[in-house]
Number of protein chains: 2
Amino acid sequence: MSDLMFKVVTVEEAKKSLEPFIKQLNRQKESVPIEKACGRYTSQNITVGEDVPGFSRSTMDGFAVNSVDTFGASAAMPAYLEVAGEVKMGEEATLELSPGEAMQIATGGMLPPGADAVIMIEDTEWLDDSTIGVLKPVAPGENVVRKGEDISQGEILITENHCLRPQDLGALAAVGIDKVTVWKPLNIGIISTGNELVSPEEQIRPGMIRDINSYTLYGLVQEAGGNPSLYGIVKDDFRELKERVEEALQDNDIVLLSGGSSVGTRDHTLRVLQEMEGFQILFHGISVKPGKPAITAAGNGKLVFGLPGHPVSAMVAFKVLVEPVITGQLQNKQKLNFVKATITRSLSSTPGREDHVRVKLIFKEGQLFAEPVLGKSALINTMVKSHGEIVIPLGEEGVGAGEEVTVELSN
Amino acid sequence: MSDLMFKVVTVEEAKKSLEPFIKQLNRQKESVPIEKACGRYTSQNITVGEDVPGFSRSTMDGFAVNSVDTFGASAAMPAYLEVAGEVKMGEEATLELSPGEAMQIATGGMLPPGADAVIMIEDTEWLDDSTIGVLKPVAPGENVVRKGEDISQGEILITENHCLRPQDLGALAAVGIDKVTVWKPLNIGIISTGNELVSPEEQIRPGMIRDINSYTLYGLVQEAGGNPSLYGIVKDDFRELKERVEEALQDNDIVLLSGGSSVGTRDHTLRVLQEMEGFQILFHGISVKPGKPAITAAGNGKLVFGLPGHPVSAMVAFKVLVEPVITGQLQNKQKLNFVKATITRSLSSTPGREDHVRVKLIFKEGQLFAEPVLGKSALINTMVKSHGEIVIPLGEEGVGAGEEVTVELSN
């Protein structure tokens with residue numbers, strides 16, 4: 001181990017020290033057609049330039065009426081109205097309704113001037129070619145969406161840094177916005193380190209293991225909305241590692257190193273980060289299990305994360321530290337992708353450490369159970385077999401079998 | 001309305017009638033590099049060709065030992081072992097350990113022949129240059145991941161039709177698989193219909209509204225893993241609509257029509273589907289609110305869905321009918337993206353109909369509440385303002401304020 005202070009911080013402290021450097025990341029904006037914007041993050045508030053609907057609109061097939069003409073109407077005592085014409089779909093209703101008149105209208109049709117409600121066709125009867133009987137009264141505004149009732153001009157429709165969903169694209173279309181300004185994905189370079197690593201397409205020899213982290217991190221970066229690039233495997237060589245990090249920093253905003261698990265690799269990573277021109281080490285280790293060895297350095301508007309070598313630890317450290325940086329959601333966003341379940345066995349945790357335990361969800365007799373997927377953190381299969389994880393917070397000593405836990409889903 | 005029987009079916013019946021036609025869709029496979037496969041669906045089971053790890057491996061920094069040599073060791077009475085050498089990271093450990101010997105090993109190092117456990121460096125002391133004292137015993141297998149313990153050769157690692165997550169990419173890399181065979185996205189053509197529709201970039205005139213559904217459907221298709229293409233807006237004209245549907249069917253596996261809300265449009269859609277060569281209408285309406293008008297036709301290995309014109313209804317009908325077809329998950333998959341919440345007001349539902357109600361989630365005093373986002377189903381803003389929906393099933397009459405409900409999240 002290096003003689004440098006091993007400065008372990010809590011997740012909260014880590015985020016606090018990252019905050020000023022996240023603002024220095026060179027986030028670019030770009031304008032994209034709305035249909036290409038699903039999953040992208042808005043770079044500004046979006047204000048509405050027109051009312052939706054732009055005119056009062058019928059929500060039923062029937063007759064546009066002046067509601068006062070229907071007051072007191074019943075099947076026994078219908079109100080008689082003159083049918084003055086028909087509103088054509090997609091056309092402006094210009095003909096004004098006079099008292100005692102009605103106009104045929106279909107769902108979506110524009111309410112003519114003078115009308116304030118729509119009576120459903122089922123509640124009327126034709127008396128002759130141009131007269132209807134109204135069999136029940138309608139209130140003002142009934143079966144009508146008023147101009148601007150859905151979205152009104154000047155309203156903030158979508159706030160900054162919102163991840164656009166299909167319905168949001170629809171809402172943008174509704175207000176006549178066909179292009180939207182979103183953040184360009186941050187470029188993220190990924191480097192794996194360690195003498196023992198071989199890439200998946202290479203022949204494996206005894207003593208070697210395959211590079212897993214390049215691929216889990218690639219997927220995680222994509223899911224977070226970043227643009228990942230692979231920079232391959234670097235052996236335990238200080239000079240080679242420094243050159244590769246510098247190469248990756250040229251084209252990327254963030255570089256992720258994931259350490260081989262050997263002492264040598266850890267030392268090289270630390271030394272490289274210490275010697276990077278203009279960089280400072282923010283912290284060295286977070287109080288999270290698994291995931292503890294996570295060195296972070298910042299400088300020149302860029303960030304370098306040295307993540308653990310164990311695949312599960314690397315994923316946890318990514319989720320805790322890197323994902324919030326990529327999405328720009330450093331403050332704890334209200335997380336919604338979780339379920340409540342009953343834990344099937346007791347788990348103990350060391351106070352002062354945040355424990356992340358992977359679980360498999362099981363439906364049994366109408367109840368949801370979370371079964372811890374135990375096994376060493378190096379095992380990739382624990383990740384494949386699990387549906388998500390539970391977090392035992394800093395201050396707690398564990399959970400007891402049968403207790404309710406919150407499972408954060410990993411899909 | 002047309003005189004054709006308005007054949008309304010339940011969601012279950014709809015899925016049953018779709019099943020044989022889903023099998024006829026022309027799903028293609030393709031091989032992609034694993035790093036490009038996140039979010040894609042596997043087209044076959046993936047069987048493992050090599051053990052992971054490929055050799056027994058240390059999980060700690062320390063000494064590889066034969067565990068029997070440490071039995072009975074204590075701080076007061078250490079076991080003395082000769083240090084026969086060091087296992088180099090990434091290299092094969094060929095030197096065999098003799099009784100009474102230990103070998104230096106780092107985390108991830110290969111266990112040498114003759115060793116069956118690793119003693120942590122903290123539990124030893126150097127006595128001289130080549131001798132250590134072992135201060136506590138280790139059990140056989142302690143601090144070791146055995147060959148094949150993570151993933152063993154011949155095991156099915158990932159099943160068919162699994163949506164690949166970052167950890168799955170890592171697991172594929174771990175077993176030396178650098179390319180994976182996945183389903184090609186189905187091509188989905190999207191057409192909006194109605195005289196009253198204008199696209200978002202056009203000038204709007206009174207009586208017209210903007211085409212919303214093209215964009216919500218585009219996003220929904222992408223989220224489901226399909227490849228969407230827009231075919232624009234067709235006015236209420238039978239011939240034009242038929243031509244556009246035929247054009248879209250040439251390049252797509254599925255065509256989505258979303259009807260303007262006018263009676264004329266509904267009639268045209270029905271007639272076009274009736275007259276398509278080789279097609280049959282499977283059902284005409286599903287007992288879901290909102291979403292009821294949803295005509296479905298199948299033929300020539302393709303499917304055409306006529307979805308409702310109201311944006312919220314179109315989204316619900318898509319989620320219920322189209323999404324399971326695109327993902328190939330027609331049978332109710334165990335849904336995991338939901339949260340439990342307390343409903344803030346009572347909702348009534350007509351038995352015999354599945355009601356989908358959009359809700360906004362609110363955290364208050366440590367509890368999660370679901371507040372129904374009411375308003376007419378045509379309002380796009382109800383979708384933007386909501387976090388998800390609750391479903392009141394066919395047989396139930398509603399939910400009471402204060403009851404616990406399950407909210408399916410729309411992100």
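Just so it is clear, the structure is predicted and the values come from calculations on it, not from any experiment. (Residues numbered from 1 in each chain as written. Chains lettered and ligands numbered in written order. Predicted model: local features only at pLDDT ≥ 70, side-chain atom pairs only at ≥ 80, totals over all residues. Heavy atoms only, no water.)

> What's the story with the overall build of chain A in this structure? I'm lost.
For chain A, the count of helices and strands is 7 helices and 28 strands. Dimensions of chain A, computed from C-alpha atoms along their principal axes, come out at roughly 95 × 50 × 40 Å. In chain A, of all internal contacts separated by at least 6 residues, the share reaching a separation of at least 24 is 71%. Of the roughly 17,000 Å² of accessible surface on chain A, 48% is carried by carbon and sulfur atoms. (Helix = DSSP H or I, 4+ residues; strand = E, 2+ residues; numbered from the N terminus. Contact = heavy atoms within 4.5 Å. Areas by Shrake-Rupley, 256 points an atom, 1.4 Å probe, with all protein chains shown as cover.)

> Looking at this structure, how should I read the sheet that holds strand β8 (residues 124-128) of chain A?
Residue and element names in this part refer to chain A. The strand order across the open sheet built from 6 strands is β7-β4-β6-β5-β9-β8, with neighbouring strands paired in mixed fashion. Every other strand in the sheet has two partners, leaving β7 (117-120) and β8 as the edge strands with one partner each. Averaged over all neighbouring strand pairs, the angle between strand axes comes to 40 degrees, with direction disregarded. Of the strand pairs in this sheet, strand β4 (residues 62-65) and β7 are connected by 4 bridges, and their pairing is antiparallel. Residue pairing across strands places Val65 opposite Ala117, the latter belonging to β7. (Pairing = 2+ DSSP bridges. Axes fitted to C-alpha atoms, helices over the stretch in contact; angles between N-to-C directions.)

> Is there a simple way to think about the pattern of salt bridges in this case?
Between side chains of opposite charge, pairing is possible as soon as their charged atoms come close. All chains considered together, the criterion is met by 20 salt bridges over all chains. Across the salt bridge formed by Arg210 of chain A and Glu50 of chain B, the nearest N and O atoms sit 2.8 Å from each other. Of the two residues, Arg210 of chain A is situated in strand β15 (residues 209-210) and Glu50 of chain B in the loop between β2 (46-47) and β3 (57-58); the pairing between them involves two chains. Take Arg210 of chain A and Glu50 of chain B: they sit in the same class, and that class is buried. Lys147 of chain B is the salt-bridge partner of Asp51 of chain B, the closest N and O atoms lying 2.8 Å from each other. Residue Asp51 of chain B is located in the loop between β2 and β3, and its partner Lys147 of chain B is located in the loop between β10 (144-145) and β11 (156-158); the two are separated by 96 residues in the primary sequence. (Salt bridge = Lys/Arg side-chain N within 4 Å of Asp/Glu carboxyl O. Buried < 20%, exposed > 50% of the residue type's maximum accessible area, 1.4 Å probe, protein only.)

> In this structure, what is going on with the packing of aromatic side chains? I would like to understand it.
The description of two aromatic rings rests on the distance between their centres and on the angle between their planes. Residue and element names in this part refer to chain A. Enumeration over the complete set of coordinates arrives at 2 aromatic pairs over all chains. Relative to Trp126, the ring of Phe63 lies with its centre 5.6 Å away and its plane at 75 degrees, an arrangement referred to as edge-to-face. In this pair, Phe63 sits in strand β4 while Trp126 sits in strand β8, placing the two residues 63 residues apart along the sequence. For Phe63, a relative accessible area of 0% puts it in the buried group. Above the face of the Phe238 ring, Arg271 is positioned so that its terminal group lies 3.8 Å from the ring centre. (Phe/Tyr/Trp six-rings, centres within 6.5 Å; stacked < 30°, edge-to-face > 60°. Lys NZ or Arg CZ within 6 Å of the ring centre and 35° of its normal.)

> Help me understand the confidence of the model for chain A in this model?
A low pLDDT score tells you not to read the predicted coordinates there in detail. Summing up the model confidence of chain A, the mean pLDDT is 88 and the portion of residues at 70 or higher is 93%. Across the whole predicted complex the pTM is 0.84, and at the interface the ipTM reaches 0.83. (pLDDT = per-residue confidence, 0-100.)

> Help me understand the domain arrangement of chain A in this model?
It is common to give the size of an interface as the accessible area that goes away when the parts come together. Domains assigned within chain A are domain 1 (11-28 + 184-327), domain 2 (31-52 + 159-183), domain 3 (57-145) and domain 4 (338-409). Here the C-alpha centre of domain 4 of chain A lies 61 Å away from the C-alpha centre of domain 3 of chain A. (Domains from an automatic or database assignment.)

> Help me understand the interface of chain B and chain A in this model?
In this assembly, 84 residues from chain B lie in contact with 84 residues from chain A. A buried area of about 7,000 Å², summed over both sides, lies between chain B and chain A, and 62% of it is on carbon and sulfur atoms. Where chain B meets chain A, there are 2 salt bridges. Between the two partners, chain B and chain A, sit 6 residue pairs in polar contact (both at pLDDT 80 or more). The biggest single contributor to the side of chain B that touches chain A is helix α2 (residues 166-174) of chain B, with 8 residues. Looking at side-chain class alone, the side of chain B that touches chain A contains 40 nonpolar, 22 polar and 22 charged residues. (Buried area = accessible area lost by both parts, 1.4 Å probe. Polar contact = N/O pair within 3.5 Å; in protein donor to acceptor, adjacent residues only side chain to side chain. Nonpolar A, V, L, I, M, F, W, Y, C, P; charged D, E, K, R; others polar.)

> When you look at the pairing of strand β9 (residues 131-134) of chain B in this model, what are you seeing that I'm missing?
Within a regular strand, side chains alternate between the sheet's two faces. Residues and elements named next belong to chain B. Of the two faces of β9, both are covered, the one formed by Thr131 and Gly133 as well as the one formed by Ile132 and Val134. Bridging between strand β5 (residues 79-86) and β9 involves 4 bridges; their strand directions are antiparallel. Within the sheet, the bridge partner assigned to Glu82 lies in β9 and is Thr131. Hairpin remark: strand β8 (residues 124-128) followed by β9, antiparallel, with 2 residues in the connecting loop.

> Quick question: what am I supposed to make of the side chain of Ser287 of chain B here?
Residue and element names in this part refer to chain B. Counting through the fold element by element, Ser287 comes out in the loop between β18 (280-284) and β19 (288-289). Looking at Ser287, the relative accessible area reads 9%, which means it is buried. Discounting residues that sit within four places of it in the chain, Ser287 has contacts with Val8, Val9, Thr10, Val11, Gly352, Arg353, Glu354 and Leu394.

> Just checking my understanding: could you explain unusual backbone geometry for this structure?
Peptide bonds are mostly trans, and most non-glycine residues show a negative phi. Omega for the peptide link from Val52 of chain A to Pro53 of chain A comes to -10 degrees, which places this bond in the cis form. Phi is positive for Asn161 of chain A, close to 65 degrees, though the residue is something other than glycine. As for its placement among the helices and strands, Asn161 of chain A is situated in the loop between β11 (156-158) and α2 (166-174). Phi at Asn300 of chain B takes a positive value of approximately 55 degrees, unusual for a residue other than glycine. Summarising the element assignment, Asn300 of chain B is placed in the loop between β20 (295-299) and β21 (302-307). Exposure remark for Asn300 of chain B: the relative accessible area of 57% places this residue in the exposed category.

> What is the right way to look at the pairing of strand β28 (residues 404-409) of chain A in this model?
Residues and elements named next belong to chain A. Side chains of β28 alternate between two faces, with Val405, Val407 and Leu409 buried and Glu404, Thr406 and Glu408 left unburied. Here strand β26 (residues 388-392) runs beside β28; their pairing, made up of 2 bridges, is antiparallel. Its bridge partner being in β28, Gly388 is matched across the sheet by Leu409.

> For this particular structure, what's the right way to read the environment of Pro200 of chain B?
Relative to the helices and strands, Pro200 of chain B is located in the loop between β14 (197-198) and β15 (209-210). Pro200 of chain B gets classed as buried once you look at its relative accessible area, which sits at 2%. Discounting residues that sit within four places of it in the chain, Pro200 of chain B has contacts with Ile34, Ala173, Gly176, Ile177 and Asp178 of chain A together with Arg210, Asp211 and Tyr215 of chain B.

> Can you help me understand the relation of the copies chain B and chain A in this one?
In this arrangement, two copies of a chain are superimposed by a rotation about an axis accompanied by a shift along the axis. Taken as rigid bodies, chain B and chain A are interconverted by a rotation of 180 degrees and an axial shift of 0.0 Å, the fit giving an RMSD of 0.1 Å. This pairing of chains is accounted for by a two-fold axis. Interface residue correspondence from chain B to chain A reaches 100%, placing this contact among same-surface, isologous pairings. (Least-squares fit on C-alpha atoms with pLDDT ≥ 70 in both.)

> What is the right way to read the sheet that holds strand β6 (residues 101-105) of chain B from this model?
Consider a sheet: its strands pair through backbone hydrogen bonds, and that pairing is either parallel or antiparallel. All names here are of chain B. Ordered by their spatial adjacency, 6 strands build an open sheet running β7-β4-β6-β5-β9-β8, and the pairing between neighbours is mixed. Of all the strands in the sheet, the pair left with one neighbour each is β7 (117-120) and β8. Taking the axes of each pair of neighbouring strands and ignoring which way they run, one obtains an average angle of 40 degrees across the sheet.

> I tried to follow helix α4 (residues 238-251) of chain B on my own but got confused; where do I start?
All names here are of chain B. The end-to-end C-alpha distance of α4 is 21 Å, a good match for the 20 Å that 14 residues give at a rise of 1.5 Å each. Of the residues making up α4, those classed as buried are Phe238, Leu241, Lys242, Arg244, Val245, Ala248 and Leu249. Relative to the axis of α4, the buried residues are bounded by an arc of 165 degrees and lie together on one face. Along α4, exposed side chains directed more than 90 degrees from the buried face belong to Arg239, Gln250 and Asp251. Its side-chain oxygen placed 3.1 Å from the backbone nitrogen of Arg239, Asp237 serves as the N-cap of α4. (Expected span 1.5 Å × (residues − 1). Arc of directions from axis to C-beta.)

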